[in-house]
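# Breakdown of the fold
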Amino acid sequence: VTITTRLLVSHLSGIRHYEKDITKVKEEKEKANRALKLAKSHQDKEQKAKEGKGLENTDCVKQKKEHDGEAKSRHSKPGRNDKEFEQEEYYLKEKFESVIESLKIFKNDPLFFKPGDQFLYSTYGFTLLSAVVERASGQKFTDYMLKMFRDLDMLSTVLDDNEAMIYNRARCYIYNKKGRLVNAPYVDNSYKWAGGGFLSSVGDLLKFGNALLYSYQAGQFKNKNSKLLPGYLKPSTVAMMWTPVPKTEVSWDRDGKYAMAWAVVEKNQQYGCCRQQRHYASHTGGAVGASSVLLILPEELDPEGVGTWPVAPPRGVIVTIICNMQSVSLNSTALKIAREFDKEKRAQ
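Residues numbered from 1 in each chain as written. Predicted model: local features only at pLDDT ≥ 70, side-chain atom pairs only at ≥ 80, totals over all residues. Heavy atoms only, no water.

Attention now moves to the overall build of the protein. In terms of helices and strands, the protein carries 10 helices and nine strands. Counting only residues that meet the buried cut, the protein has 36% of its 348 residues in that class. Taking the intrachain contacts of the protein between residues at least 6 apart in sequence as the baseline, contacts between residues at least 24 apart amount to 67%. Surface exposure of the protein reaches about 21,300 Å², of which carbon and sulfur atoms provide 52%. (Helix = DSSP H or I, 4+ residues; strand = E, 2+ residues; numbered from the N terminus. Buried < 20%, exposed > 50% of the residue type's maximum accessible area, 1.4 Å probe, protein only. Contact = heavy atoms within 4.5 Å. Areas by Shrake-Rupley, 256 points an atom, 1.4 Å probe, with all protein chains shown as cover.)

Written out as C-alpha cells, the structure is:
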C-alpha cells in the first residue's frame, strides 16, 4: 500500500490509534454512528415542532434543553467515562531519543483498513508524520518545531519534558475510580511529540491562531505602500488545510468534517430564517490530566471593502481554553464564546 502525508494529516492512513483490537474499534464507531443518527432525529423533530408550533415555543424547548444539558454537565464528573484513557499506551514511561525510534511501538502492527478508505483518528499517524518531517528537513523534529515556535513568537511553548525545569508548569489532575480528584500519573510523552507532546499557554495559542488567520486573509487585502507583511503561510496553504476532506468525520463537532490537522465547519444555510452555519476551524486536545481547544472563527469579509487600508487582518474571533483536568469537553464552550464576541462585533 501507499501512505501519503496527506492521508496521515487527515487520519485516513489506516494506522491504529491506542486501541490494538480492530473489533473494539468497529464497535465504538458503530455506537458513535448510532448516537449521531439519534441526534439528527432529534434535530428533525425540533424542526417539525418549529414549523407546527411557531418559533417562540421551540425557543422555550431549546432553552429547556440547554438548561438540562448544563445541569447534567454540572453534576457529572469529567474524565470518568472516557474509554480512550483506559488504554495502556497512554501511560507509557519509556523515554525515546528520537521519533524514528518511537515508530517501533506500532510499525509492525497491521493496518486497520486500506489507506484512504476510512477515517480513524490516530496519534501514531502523526508520530509517523513527524518522522517524515525529520527526514525531509534533516533536523530532529523537536528542534524543527521549536525553531518554528520561535518564529511565531510562541516563547512559552516547549517540549513536555519531565526532567526539565519549566517555569509556570501546571500540575495536572484526573478523577480516580472512586470519583475523587487526584494528581495525574507520571507519563513520558517522547513517543508522541507531534500528537500531544508540547506544553503551551493561552497567550501562545492565541498567537498561533492569529498567525494562521492572518495568513488565511492576507491575500484578500491590497498591499498598499508595502505596509502589509506576508503571512507565515501562503493563503492557499491555509485554505487547503481548512478544506474538509471526503470520508472524514469529527467526534467533537457533528457539523464538521476533518481537514488537514483541523476540524472544519463550512458556511451553510439551507433555508431562509433558519439555522445558519458559520465557517470556522477548531481542534481539541486531550492528554493525561489535561484538556484544551483552539477555535478560529474568521470574520465574513465584504469583497468590496477588503482592499481598504487600515482594515487589515486578522479579522475574526479566536478562542482558546487550556484546562489541567482530563477529559473535559471544551469545543462547544469555545464556540459559544466565539459567537458571543462575534455578535458583539456585529452590533458595533
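Let us now look at the side chain of Arg 278. On the secondary structure map, Arg 278 appears in the loop between β6 (263-265) and β7 (280-287). A polar contact is formed between the side chain of Arg 278 and the side chain of Asp 342, at a distance of 2.6 Å. Apart from residues no more than four positions distant in its own chain, Arg 278 is found in contact with Val 265, Glu 266, Lys 267, Leu 297, Pro 298, Glu 299, Glu 300, Asp 342 and Arg 346. (Polar contact = N/O pair within 3.5 Å; in protein donor to acceptor, adjacent residues only side chain to side chain.)

On the surface, Val 1, Ile 3 and Leu 111 cluster together into a nonpolar patch covering about 260 Å² of accessible area. With respect to the element layout, Leu 111 can be found in the loop between α4 (99-102) and α5 (123-137). What makes Leu 111 partly exposed here is its relative accessible area of 33%. (Patch = residues over 30% accessible without salt bridge, like charges linked within 9 Å, V, L, I, M, F, W, Y side chains within 5 Å. Salt bridge = Lys/Arg side-chain N within 4 Å of Asp/Glu carboxyl O.)

Tyr 124, Leu 212, Trp 242, Trp 262 and Ile 296 are the most contacted members of the largest nonpolar core, which has 40 residues in total. Counting residues per element, the ones that place at least two in this core are α1 (5-9), α5, α6 (141-151), α8 (202-218), α9 (235-241) and β8 (290-298). Here the element with the most residues in this core is α5; it accounts for four residues. Counting only domains with at least three residues in this core, you end up with domain 1 (1-40 + 81-153 + 187-195) and domain 2 (200-347). Among residues more than four places away in sequence, those in contact with Trp 262 are Phe 208, Leu 212, Met 241, Trp 242, Lys 257, Ala 281, Ser 282, His 283, Leu 294 and Ile 296. Val 265, Val 317, Ala 334 and Ala 338 belong to the second-largest nonpolar core, a separate cluster that totals 12 residues. (Core = buried A, V, L, I, M, F, W, Y, C linked by side-chain atoms within 4.5 Å. Domains from an automatic or database assignment.)

Let's shift gears to the packing of aromatic side chains. One pass over the structure, following the stated rule, counts 11 aromatic pairs. Measuring from centroid to centroid gives 4.9 Å for Tyr 216 and Trp 242, while their planes differ by 55°, and the two rings are tilted. Note that Tyr 216 is positioned in helix α8 and Trp 242 in the loop between α9 and β5 (257-258), a separation of 26 residues in sequence. The class of Trp 242 is buried, set by a relative accessible area of 4%. Feature note: the residues Tyr 18, Tyr 90, Tyr 91, Phe 106, Tyr 124 and Tyr 191 constitute an aromatic cluster, connected by ring pairs. (Phe/Tyr/Trp six-rings, centres within 6.5 Å; stacked < 30°, edge-to-face > 60°.)

This part covers the confidence of the model for the protein. In the predicted model, the protein carries a mean pLDDT of 86, and the fraction of residues at 70 or more is 82%. This model gives residues 54-81 a pLDDT under 50, and the stretch forms 19 contacts once residues within four places in sequence are excluded. (pLDDT = per-residue confidence, 0-100.)

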